[in-house]
Amino acid sequence: MSDLVFKTAAELSQLLQAGEITSVELTTACLDRIQAFDEKVHAFLHIDREGALATAQEVDEARQRGDDLHPLAGVPIAIKDNMVTRGMPTTCASKILAGWIPPYDATVVRRIIQAKLPIIGKTNMDEFAMGSSTEHSAFGVSRNPWDLERIPGGSGGGSAAAVAGFMVPLALGSDTGGSIRQPGAVTGTVGVKPTYGAVSRYGLIAMASSLDQIGPVTRTVEDAALLQELIGGHDPLDSTSLNEPVPALANSVREGEDLTGIRVGIVKELTGEGYEAGVLSAFQKTVDNIQSRGAEVVEVSCPNFEYALAAYYLIMPAEVSSNLARFDGMRYGLRVEPEEGPVTSERVMAASRGAGFGDEVKRRIILGTHVLSAGYFDAYYGSAQKVRTLVQRDFDEAFQQADVLISPTSPTTAFKFGEKVDDVMAMYLNDIATIPANLAGVPAMSVPAGLSEGLPVGFQVIAPARGDAVMYRVGRAVELTTDVADQCPARDWKEEA
Ligand code: GLN
């Protein structure tokens, strides 16, 4: 099997531009690896072999002709199955969208197509991006390439497993409360949630619109920067899109060797109690390491972060209950008629939603409808919005004292299937460190920072809004402390004879 699958997108881009490899060769290598190993990992819900190879062929011909191509042209990518792709199934890992073929492309997908990256397929996730393990996918779990008995994180476990398992060098995820970063942490990959508005959400099937953000899933910080530069930038189709140029992220990555003059703040509330000892020791080691690269390390306190998780689980379901109202059995996907009695539109909606949504989605719709109801609005939704403001103020104050904030990404390493799926609170606590960034709209990334008992630990870097460039710089310094991807057992997987 081709060794090309182990290379980074930056390396592949060089090889393609130098004419040393073709995109068809590279895309075939990815597809072959998926064919050999995705039966056990189940990172993908849909694979578009023909479409990917057709794009690859087109890139190779364009290069032959000497056309001006995007640096990432010809480098394969996978897309989380909550971003719409024209002519390619998009399910959100839900039965309610099974068989639906979108009539248009998300803006990020359109940019990828214009830059001619072969789209390999759509990746598995928790249904409608609700979860931290992919155990809520209606189509079966994805497995962690580090240990197939363990979760790859969620909701974007499929994208993370595809990248960690060397099936694709690049993938896209979406992060509402941690769904790019926590899978990154537990699979030893890089996961970035850009500043809210830095990447268009047009065509991302909404979970909680004020929190959702699309971002890169890669094996290196540089690859993530290259991908964010490609997908980022203003989009008139998304009214929350920032109308400003994409910062020079890849250049900033190159400055990561030296952190002189950078103040790094350890968030007191996001370390300590509730975090595994192995996670904390890998975190501390990395802190020492970036300090030796010149960073000034301080401790900051964000007292309201204690309430962030509770506020998230009121605001997010409120938005979920409203966003998911469109799945009514009339417009998209599954339509179920009531078993008996009259076939009225209301009864078709009830039957379709009853059959189409899984338990976790139903739980959140019910919770969201409740917190928005007239009698409870102020007590729940109103209070949660106040907490959201307090969390934003904590960030403002902390960023007076530090250029970036750091913490472990996730309190634990990858856990086993079944360990938390029936304990709702235990599952929700996975995102204790990632949620504050979504509430404030600030950028945050997870970078691998060593292993604990053979499993990857994620290190989170959070920057002020629009500070994505400095986040990438510090992320690069973190990355320089370890070589986690090189140690993934998926490197040594052998094809069964
Ligand atoms: N795990 C969190 C949740 O279940 C985050 C989800 C996400 O970011 N999409 O809500």
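For the structure itself, look to the data block above.
Residues numbered from 1 in each chain as written. Predicted model: local features only at pLDDT ≥ 70, side-chain atom pairs only at ≥ 80, totals over all residues. Heavy atoms only, no water.

Enquirer: Describe the overall build of the chain, and please don't skip the residues or the numbers.
Expert: Looking only at helices and strands, the chain features 16 helices and 11 strands. Scaling as 2.2 N^0.38, a compact globule of 497 residues should have a C-alpha radius of gyration of about 23 Å, and the chain matches this with 21 Å. For the chain, the spread of C-alpha atoms along the principal axes amounts to about 65 × 50 × 45 Å. Looking at the 497 residues of the chain, the share that counts as buried comes to 60%. Pairs at least 24 apart in sequence give 76% of the contacts found in the chain among residues at least 6 apart. With an accessible surface of roughly 18500 Å², the chain has 49% of that area assigned to carbon and sulfur atoms. Taking the average location of the 42 positive side-chain charges in the chain and that of its 64 negative ones, the two points are 3 Å from each other. (Helix = DSSP H or I, 4+ residues; strand = E, 2+ residues; numbered from the N terminus. Rg over C-alpha atoms; globule rule 2.2 N^0.38 Å. Buried < 20%, exposed > 50% of the residue type's maximum accessible area, 1.4 Å probe, protein only. Contact = heavy atoms within 4.5 Å. Areas by Shrake-Rupley, 256 points an atom, 1.4 Å probe, with all protein chains shown as cover. Lys, Arg positive; Asp, Glu negative; His and termini not counted. Charge placed at Lys NZ, Arg CZ, Asp CG, Glu CD.)

Enquirer: Just give me the short version of the site of the ligand, but keep the residues and values in it.
Expert: Neighbouring the ligand are 15 residues, the closest being Thr176, Gly177, Ser179, Tyr312 and Asp431. Ser132 is positioned such that a nitrogen or oxygen atom in its side chain is 2.9 Å from a nitrogen atom of the ligand. In the model, an oxygen atom of the ligand is placed 2.7 Å from a nitrogen or oxygen of the Ser179 side chain. For the ligand, whose accessible area on its own is 290 Å², the fraction buried by protein is 100%. When its residues are assigned to classes, the shell around the ligand shows 5 nonpolar, 7 polar and 3 charged. (Near = heavy atom within 4 Å. Polar contact = N/O pair within 3.5 Å; in protein donor to acceptor, adjacent residues only side chain to side chain. Nonpolar A, V, L, I, M, F, W, Y, C, P; charged D, E, K, R; others polar.)

Enquirer: How would you sum up the packing of helix H2 (residues 23-41) against helix H3 (residues 49-65)? Please name residues and give values.
Expert: Here H2 crosses H3 at 160°, and the two axes come no closer than 8 Å. With respect to H3, the axis of H2 lies roughly antiparallel. Seen from above, H2 lies across H3 with right-handed handedness. Contact with H2, carried on its side by Ser23, Val24, Thr27, Thr28, Leu31, Asp32 and Gln35, involves Arg49, Ala52, Leu53, Ala56, Gln57, Val59 and Asp60 of H3 and no other residues of that element. (Axes fitted to C-alpha atoms, helices over the stretch in contact; angles between N-to-C directions. Parallel < 35°, antiparallel > 145°, perpendicular 65-115°, else oblique. Left-handed = near helix turned anticlockwise from the far one by under 90°.)

Enquirer: Would you mind going over the sheet that holds strand E9 (residues 404-408) in detail, with residue names and values included?
Expert: An order of E1-E3-E2-E4-E6-E5-E10-E11-E9-E7-E8 is seen for the 11 strands of this open sheet, with the pairing classed as mixed. Either end of the sheet is taken by a strand with one partner, and the two such strands are strand E1 (44-47) and strand E8 (296-300). On average, adjacent strands in this sheet sit at an angle of 25° to one another, irrespective of strand direction. Where strand E5 (residues 190-193) lies against strand E6 (residues 214-218), 2 bridges are found, and the strand directions are antiparallel. Counted as the bridge partner of Gly191 is Val217 from E6. (Pairing = 2+ DSSP bridges.)

Enquirer: Got a sec to walk through the packing of aromatic side chains? Specific residues and values, please.
Expert: Enumeration over the complete set of coordinates arrives at 15 aromatic pairs. Between Tyr104 and Tyr202, the aromatic rings sit 5.5 Å apart at their centres with planes inclined by 50°, giving tilted as the arrangement. You can see Tyr104 sitting in the loop between strand E2 (77-80) and helix H4 (107-114) and its partner Tyr202 sitting in the loop between E5 and E6, a full 98 residues away along the chain. Under the relative-accessibility criterion, Tyr104 is labelled partly exposed at 33%. (Phe/Tyr/Trp six-rings, centres within 6.5 Å; stacked < 30°, edge-to-face > 60°.)

Enquirer: Describe the nonpolar core, and please don't skip the residues or the numbers.
Expert: Formed by 146 residues in total, the largest nonpolar core has its most connected members in Phe128, Leu172 and Tyr472. A total of 10 residues in this core trace back to one element, the largest contributor, which is helix H10 (residues 308-323). Leave out the neighbours within four places in its chain, and Tyr472 touches Val192, Pro216, Val221, Ala224, Ala225, Gln228, Leu249, Val253 and Met445. (Core = buried A, V, L, I, M, F, W, Y, C linked by side-chain atoms within 4.5 Å.)

Enquirer: For unusual backbone geometry, give the residues involved together with the corresponding values.
Expert: In this structure, the amide linkage connecting Gly154 to the following residue, Ser155, adopts the cis form with an omega of 5°. Even without glycine at this site, Thr134 takes up a positive phi of about 65°. Relative to the helices and strands, Thr134 resides in the loop between strand E3 (119-123) and helix H5 (157-164). Under the relative-accessibility criterion, Thr134 is labelled buried at 0%.

Enquirer: How would you explain the environment of Ser155 if you had to name every residue and give the values?
Expert: Within the secondary structure, Ser155 is located in the loop between E3 and H5. When its relative accessible area of 0% is taken as the criterion, Ser155 is described as buried. The spatial distance from the C-alpha of Ser155 to the C-alpha of Thr28 is 28 Å, given a sequence separation of 127 residues. Excluding residues that lie within four positions of it along the chain, Ser155 makes contacts with Lys80, Asn124, Met125, Asp126, Ala129, Met130, Gly131, Ser132, Thr134, Ser179 and Pro183.

Enquirer: Could you give me a rundown of the pairing of E8, with the residues and numbers involved?
Expert: Pairing analysis gives 5 bridges linking strand E7 (residues 263-267) to E8, with the strands arranged parallel. Each residue of the ladder has a partner; that of Ile266, found in E8, is Glu299. Taking the sense of rotation as the criterion, the β-α-β connection linking E7, helix H9 (residues 277-292) and E8 turns out right-handed. (Right-handed = clockwise from strand over helix to strand, strands pointing away.)

Enquirer: Outline the pattern of salt bridges, supporting the account with residue identities and numerical values.
Expert: Going through the model one piece at a time under the given rule, you end up with 17 salt bridges. Between Asp67 and Arg65 there is a salt bridge; the shortest N-O distance is 2.9 Å. Relative accessible area serves as the criterion here: at 58%, Arg65 is assigned to the exposed category. Note that Asp328 is salt-bridged to Arg331, the shortest N-O span being 3.0 Å. Asp328 sits in the buried class, given a relative accessible area of 7%. Through salt bridges that share partners, Glu360, Arg363 and Arg364 make up one connected network. (Salt bridge = Lys/Arg side-chain N within 4 Å of Asp/Glu carboxyl O.)

Enquirer: Please set out helix H16 (residues 468-479) residue by residue, giving values where relevant.
Expert: Between its first and last C-alpha, H16 extends 16 Å over 12 residues, near the 16 Å set by a 1.5 Å rise per residue. The buried fraction of H16 is high, at 9 of 12 residues. Within the sequence span of H16, burial applies to Asp468, Met471, Tyr472, Arg473, Val474, Gly475, Ala477, Val478 and Glu479. (Expected span 1.5 Å × (residues − 1).)

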